[in-house]
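Chain and residue survey
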Amino acid sequence: MDSRSDTKQPRADPRSTGCVKPRYQHLIVGLALVVAGLFGCTDPETPPEPTATHGSGTATVSTPPPPTTPTPTPRGSLVFPSFSPPTPTPTRVTDPITPETTPAATQVPTPTTSALALSPSSRSLRLTPTYESIGIVLQLSGGSSVADPLALVAWRRVSEEAWNPGHPLVYDGRDVLTQRSTTISGNPYRDQFRGSLVGLAAGADYEVRVTAEDQTYYNNVSTWPETNTIADVGTLGRELFVDGSSSGDSEDGSRDAPWSTIQQAADQAKPGDTVIVARGTYPEAVTIKGSGSALQYVTFRSAEPHTAKLVLPDGADHSDGHQIGFLVDAGYVRIIGFSIEGMNSGIMISGSAHDVIVENNYVSDFWADGDVEGCLGTRGDAAPCTRDGYGIRIGGLSDNVAQRAPRSGDAPVRAITVQDNEVEATRRQNEDHGTLTITQGGLGNNVIRRNLMRFAYLGNGIQGENCISHIEDSSIDESMNDTDVNENRCIGATDDAFEFDSANLNLRVWNNVAFSSNSGISIAANSVGPAYFFRNLFYAPAASWAACAGIKTGASSTGYAFFYHNTIHYPQRCDVPVAGGSISHSVQALGVTNQGETRYATNLVFRNNLFAVAGRLFELSADSQGQTLTFDADYNTYFDYDGGVWGKRGASWDSFDEYQAHPQTDDPHSKDEQPLWRDAANSDLAVRDYRLAAGSAGIDSGTEIPGFNDFSSRWPGQDQAPDAGAFEYLP
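Residues numbered from 1 in each chain as written. Predicted model: local features only at pLDDT ≥ 70, side-chain atom pairs only at ≥ 80, totals over all residues. Heavy atoms only, no water.

**A look at the overall build of the chain**
Helix and strand counts for the chain come out as three helices and 57 strands. For the chain, the proportion of contacts with a sequence separation of at least 24, taken over those separated by at least 6, is 74%. (Helix = DSSP H or I, 4+ residues; strand = E, 2+ residues; numbered from the N terminus. Contact = heavy atoms within 4.5 Å.)

**Thoughts on the pattern of salt bridges**
Taken as a whole and assessed by the stated rule, the structure comprises 19 salt bridges. A salt bridge links R156 to E207, with the nearest nitrogen and oxygen atoms 3.3 Å apart. Within this pair, whereas R156 is found in strand β5 (residues 151-157), its partner E207 is found in strand β11 (residues 205-212), the two being separated by 51 residues in sequence. Residue classification places R156 among the buried positions, given a relative accessible area of 14%. A relative accessible area of 6% places E207 in the buried class. Each of E132, E226, R449 and R714 takes part in one network of salt bridges that share partners. (Salt bridge = Lys/Arg side-chain N within 4 Å of Asp/Glu carboxyl O. Buried < 20%, exposed > 50% of the residue type's maximum accessible area, 1.4 Å probe, protein only.)

**A word on the nonpolar core**
Of all hydrophobic cores here, the largest spans 85 residues; its most connected members are I262, F326, F338, F498, F500, F533 and F618. Considering each element in turn, this core owes the most residues, three residues, to helix α1 (residues 262-268). Ignoring any residue separated from it by four or fewer positions in sequence, one finds F498 in contact with M453, I468, N488, C490, N512, V513, A514, G520, I521, S522 and F538. With 21 residues, the next largest nonpolar core counts L127, I136, A212 and Y217 among its residues. (Core = buried A, V, L, I, M, F, W, Y, C linked by side-chain atoms within 4.5 Å.)

**Here's the deal with the sheet that holds β11**
Taken together, four strands build an open sheet; the order of strands is β6-β5-β11-β12 and the sheet is antiparallel. This sheet does not close on itself; its edge strands, each paired only once, are β6 (164-165) and β12 (215-222). Across two bridges, the pairing between β5 and β6 is antiparallel. Within β6, the position partnered with A154 by the bridge is P165. (Pairing = 2+ DSSP bridges.)

**A short note on the packing of aromatic side chains**
The tally for this structure, following the rule as stated, stands at 31 aromatic pairs. The interplanar angle of 40° and the centroid separation of 6.4 Å between the aromatic rings of F498 and F538 together place this pair among those described as tilted. Taken as a pair, F498 in strand β36 (residues 496-499) and F538 in strand β41 (residues 537-539) lie far apart in primary sequence, 40 residues in all. F538 shares its class with F498; the two are buried. For the ring pair F500 and F533, a centre distance of 6.2 Å and an interplane angle of 35° mean the geometry is tilted. Here F533 lies in strand β40 (residues 531-534) and F500 lies in the loop between β36 and β37 (507-510), a separation of 33 residues in the sequence. Each member of the pair, F500 as well as F533, carries the same accessibility label: buried. Every member of this aromatic cluster is reached through a ring pair, and the members are W510, Y532, F534, Y560, F562, Y564, F708 and W715. Seen from the ring of W163, R209 lies directly overhead, with NZ or CZ sitting 4.2 Å from the centre. Of note, R449 hangs over the ring of Y131, and the distance from its end group to the ring centre comes to 4.0 Å. (Phe/Tyr/Trp six-rings, centres within 6.5 Å; stacked < 30°, edge-to-face > 60°. Lys NZ or Arg CZ within 6 Å of the ring centre and 35° of its normal.)

**So, the pairing of strand β4 (residues 134-139)**
Counting buried positions along β4 gives five out of six residues, so the element sits mostly inside the fold. In this structure, strand β3 (residues 124-129) lies alongside β4, joined through six bridges in antiparallel fashion. Bridge assignment links P129 to a residue of β4, and that residue is I134. Between β3 and β4, which pair antiparallel one after the other, the connecting turn spans four residues. Here β4 runs beside strand β10 (residues 192-197); their pairing, made up of six bridges, is antiparallel. Each residue of the ladder has a partner; that of L138, found in β10, is F193.

**What about the side chain of N504?**
Counting through the fold element by element, N504 comes out in the loop between β36 and β37. There is a polar contact of 2.9 Å between the side chain of N504 and the backbone oxygen of F500. (Polar contact = N/O pair within 3.5 Å; in protein donor to acceptor, adjacent residues only side chain to side chain.)

**So, the environment of S254**
Along the chain, S254 falls in the loop between β13 (239-242) and α1. Linking S254 and V242, residues 12 residues apart in sequence, is a C-alpha distance of 8.5 Å. Within the structure, the side chain of S254 is placed 2.6 Å from the side chain of D252, a separation counted as a polar contact.

**Quick word on unusual backbone geometry**
In this structure, the amide linkage connecting G529 to the following residue, P530, adopts the cis form with an omega of 0°. Mapping P530 onto the fold places it in the loop between β39 (519-522) and β40. The phi dihedral of D214 falls on the positive side, at around 70°, and the residue is not glycine. Locating D214 in the fold gives a position in the loop between β11 and β12. Despite not being glycine, R450 has its phi angle at roughly 55°, a positive value.

**Focus: the environment of F366**
Considering the arrangement of structural elements, one finds F366 in the loop between β24 (362-364) and α2 (372-376). Residue class for F366 comes out buried when judged on its relative accessible area of 2%. Along the primary structure F366 and I340 are separated by 26 residues, whereas in three dimensions their C-alpha atoms are 8.6 Å apart.

**Description of the pairing of strand β48 (residues 604-607)**
Burial along β48 is two-sided: the residues L604 and F606 and V605 and R607 are all buried. In terms of strand pairing, strand β43 (residues 561-564) meets β48 through four bridges, oriented parallel. Pairing of F562 across the sheet is with V605, part of β48. In this sheet, strand β51 (residues 631-634) lies alongside β48 in parallel orientation, the contact comprising four bridges. Residue pairing across strands places F606 opposite A633, the latter belonging to β51.

**Examining the confidence of the model for the chain**
The predicted model of the chain averages 75 in pLDDT, with 67% of residues at 70 or higher. Every residue in residues 14-76 scores below 50 in pLDDT, and together they form 141 contacts with partners more than four places removed in sequence or on other chains. Here residues 398-410 is modelled with pLDDT under 50, and outside its nearest four sequence neighbours on either side it reaches 28 contacts, counting other chains as well. (pLDDT = per-residue confidence, 0-100.)

**Some points on the environment of R616**
Mapped onto the secondary structure, R616 falls in the loop between β49 (610-613) and β50 (618-620). A sequence separation of 24 residues divides R616 from V592, and the C-alpha atoms of the two residues are 8.1 Å apart.

Put into structure tokens, the structure is as follows:
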């Protein structure tokens, strides 16, 4: 283990010199060939000479150089520049990172249509914002003209002068896509550069610059704003009141004559109105079809958090699957602070719903079957409910089948925010569904954050459910595109904690925690990409039905997936919990594995992760379909607790040294050392502390990644280099 000081020495910010130097030439193969002033190292007061003005919804295209003989890009491939060893960089000063312990204020997205910026050469730069991220798509007409397409990103707030480097984009040159066992001809995402900016400020105006193939493209966009009250987003309408104890013919929704049902208020609410529901039990399933507007949301709010409780309507049972607490088929609606118990599903966003906010609700005991004992999982066979119940679902039901829509968007559920909710699963549903589920047919651009999801039943050795789940099939689906999933906590998932088996174009997943769950993240498949998984923490697994795994890939995944700064701590093999006790199956605890109908996956990139497990660090299937397997790992910290087979990708590696020396691998800067955490052994799993302790492996062992740990990011590294794992060491 390295000997190092307990005190981190901060580095000086090179932006203090008045420009941003191209400090990332050492990171990206071919970057040295890029224009030297890409990051604004000419006079920052002088913008590049444009051929057209730029602004919101308008691209600025620099004058192209004289034409040269093009070298065409090989067809049928994805291209991403590899990372190479860093060179020394000057010291810098950064502010310490303080963990976010206080939930952010209520947030209402201002719908911002992603501006389509067209250049004279029919290339477009599209920006899609959320609160803290921006998805980038640059469409090339006719494909790339070079052998190794490279698009570099710079960004700044409109009020700032200096440009900041962003993560390089991925180029998609594939002729076909694969989704699980299906090959889909005619790639609709072909000839695109794609990627994301992360860790941005909410409610801010940004300018984005993309340099690709001797041209520069500009566009502006605003991230969704944070607001504390409904009044912050527009003029309030009426206050309407509901009290279940009210009776009589004189009800008009006023404070003195409240309606007795929430449905009455839903039928009468207009843009800007707030429906305030008094404490009590409401045996009704509420359907909301009346929309608000961008500046006047329709809000449904429990007068006191979780004291207005929706339950199964009188005379109804669970057999039809359509008893839903709130079914929303409208736009600009907020549902805040309710308790929903014993329904088929708690809250469902359906049809053409958009810009809906589901906030601070408690949903539990959802199910859709008459077989109470089986759904509770108390029988020996642990039979699931025959119909599916959901806690919160983005995407509606039609005869208990997910609504499907073509890419034209016949059912464009989109721009949904689900935040600060608690969802508890008490009965086993059909496999692969989740307490919070996203179904096919939507257009994505959702935000799922700061939710707590818990499982109160045992897996009994049969495949169960996920905390957050995308219901996958063999189609290419957009419902996880341009989506943020962050700061959620999953406890006891009986399958995957977070399952994203989808297209995942510009999916961003960060700062999530899972323990007592079968596995951490699943991307089987990840068909389009890129997807970014960073600073997530998975520990103390429990095998409900299969081997525990921190990261599960496979199912013919060919989209790029980037894993940066994640921590996996699985120090012992998993047991399978069952009713009445625990039966040890000596199930492996794996770091990264392939699963699915066709197990291989390609285009996986790992940097600055900390994986400490009791089984194989990597168990990846050999390429069996003639694909070029891209597995790009470096600057990670590994530790194998049981000393058995270290890893496998076709061939087995019995040790870390054998792994590093194998011709299949190119991982020269990673280390095999045991990490030290502040409190990783506490019997109370919920309070474990996985911040690095002084002298731990992983400190200063990472590499800089633009947008994810550089000086302009939300997570700047300290001292000589960034640390491995989810948390930067601070004394």
